[in-house]
Amino acid sequence: MTKRVKYNLTGLLAAALLIVLDQWTKHLAVLHLKDQIPFVLLEGVFELNYLENRGAAFGMFQGQRTVFLVCTLVILAVVAFYYNRLPEGRRFLPLRLVGTLLTAGAIGNMIDRTLNSFVVDFLYFRLIDFPIFNVADIYVTTATGLLLVLFLFYYKDEDFEIFRPGRRKGE
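What counts as what
- Residues numbered from 1 in each chain as written.
- Predicted model: local features only at pLDDT ≥ 70, side-chain atom pairs only at ≥ 80, totals over all residues.
- Heavy atoms only, no water.
- Helix = DSSP H or I, 4+ residues; strand = E, 2+ residues; numbered from the N terminus.
- Contact = heavy atoms within 4.5 Å.
- Areas by Shrake-Rupley, 256 points an atom, 1.4 Å probe, with all protein chains shown as cover.
- Lys, Arg positive; Asp, Glu negative; His and termini not counted.
- Charge placed at Lys NZ, Arg CZ, Asp CG, Glu CD.
- Axes fitted to C-alpha atoms, helices over the stretch in contact; angles between N-to-C directions.
- Parallel < 35°, antiparallel > 145°, perpendicular 65-115°, else oblique.
- Left-handed = near helix turned anticlockwise from the far one by under 90°.
- Pairing = 2+ DSSP bridges.
- Salt bridge = Lys/Arg side-chain N within 4 Å of Asp/Glu carboxyl O.
- Buried < 20%, exposed > 50% of the residue type's maximum accessible area, 1.4 Å probe, protein only.

Q: Hey, could you run me through the overall build of the protein in this one?
A: Secondary structure assignment for the protein yields 4 helices and 3 strands. In sequence order, the secondary structure elements of the protein are arranged as α-β-β-α-α-β-α. For the protein, the spread of C-alpha atoms along the three principal axes comes to 60 × 30 × 30 Å. Restricting to contacts in the protein with at least 6 residues of sequence separation, those with at least 24 account for 68%. Total accessible area on the protein stands at roughly 10,800 Å², and carbon and sulfur atoms take up 68% of it. Taken as two groups, the 18 positive and 15 negative side-chain charges of the protein have centres that lie 11 Å from each other.

Q: Just to check I follow, could you spell out the packing of helix H2 (residues 65-85) against helix H3 (residues 93-116) for this structure?
A: Pairs of packed helices are described in terms of their axes, by the angle between the two and the distance that separates them. Relative to each other, H2 and H3 sit at 155°, their axes nearing to 10 Å. In terms of axis orientation, H2 runs roughly antiparallel to H3. Both H2 and H3 take part in a crossing whose hand is left-handed. Note on element contacts: H3 touches H2 through Arg 96, Gly 99, Thr 100, Leu 102, Thr 103, Ala 106, Ile 107, Met 110, Arg 113 and Thr 114, opposite Arg 65, Phe 68, Leu 69, Thr 72, Leu 73, Leu 76, Val 79 and Tyr 83.

Q: Explain the sheet that holds strand E3 (residues 119-125) to me, please; I cannot follow it from the model alone.
A: Whether parallel or antiparallel, the strands of a sheet pair through hydrogen bonds between backbone atoms. Taken in spatial order, the 3 strands of this open sheet run E1-E2-E3, and their pairing is antiparallel. The outermost strands of the open sheet, each flanked by one partner alone, are strand E1 (39-42) and E3. Adjacent strand axes in the sheet meet at a mean angle of 35° when their direction is disregarded. Across the sheet, helix H1 (residues 3-33) touches E1, strand E2 (46-53) and E3, and the angle it forms with E3 is around 80°.

Q: Looking at this model, I keep getting lost on the environment of Val 119. Mind explaining?
A: Among the structural elements, Val 119 can be located in strand E3. Considered as a pair, Val 119 and Lys 26 are 93 residues apart in the sequence and their alpha carbons are 8.8 Å apart. Look past the residues within four positions of Val 119 in its chain and what remains in contact with it is Lys 26, Leu 51, Glu 52, Asn 53, Asn 109, Asp 112, Arg 113 and Asn 134.

Q: What exactly am I supposed to notice about the pattern of salt bridges here?
A: Here the idea is simple: oppositely charged side chains can pair when their charged atoms come close. Enumeration over the complete set of coordinates arrives at 6 salt bridges. Across the pair Asp 22 and Lys 26 runs a salt bridge whose closest N-O atoms are separated by 2.9 Å. Of the two residues, Asp 22 and Lys 26 are both situated in helix H1; the distance of 4 residues between them amounts to about one turn of the helix. Pair check on accessibility: Asp 22 and Lys 26 agree, each one buried. Between Arg 91 and Asp 159 there is a salt bridge, and its shortest N-O distance comes to 2.8 Å. Of this pair, Arg 91 sits in the loop between H2 and H3 while Asp 159 sits in the segment after helix H4 (135-154), and the two are 68 residues apart along the sequence. For Asp 159, a relative accessible area of 17% translates into the label buried.

What follows is the structure, encoded as structure tokens:
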């Protein structure tokens, strides 16, 4: 088994485990939080508060289920394309982590939209009145922040020569 196949299988397994964690937490939210008053963990700071989000991030674009599904499939295809073409070695493990987190987050919320026509959100930072979110949202946000840091401070243009048209590994 080549390193590339091992990286891909590891990424798929990790994404699957993260998706299971996301779906389990949403299931718990439905069981214990739906139609209940918010469960306060830190008074005035953080609580568990059930919400059925029919939009995208922060509730934008309400009711655009088909658009979300198409966008999710496009994002997954792009992640898979680049993930599979990343050079082997430790230097690109952070990007593989980003791909795994993005995949798990996108699929976790896509499952909700497909099965329920909404996404279950339940984590709420009352202190800053941040929109209610879920575990899959944490994956996507973490991946996006990590990607930004990696591109700004870790990787250089030369690291991505392999993705330029007409270039092949080792050229």
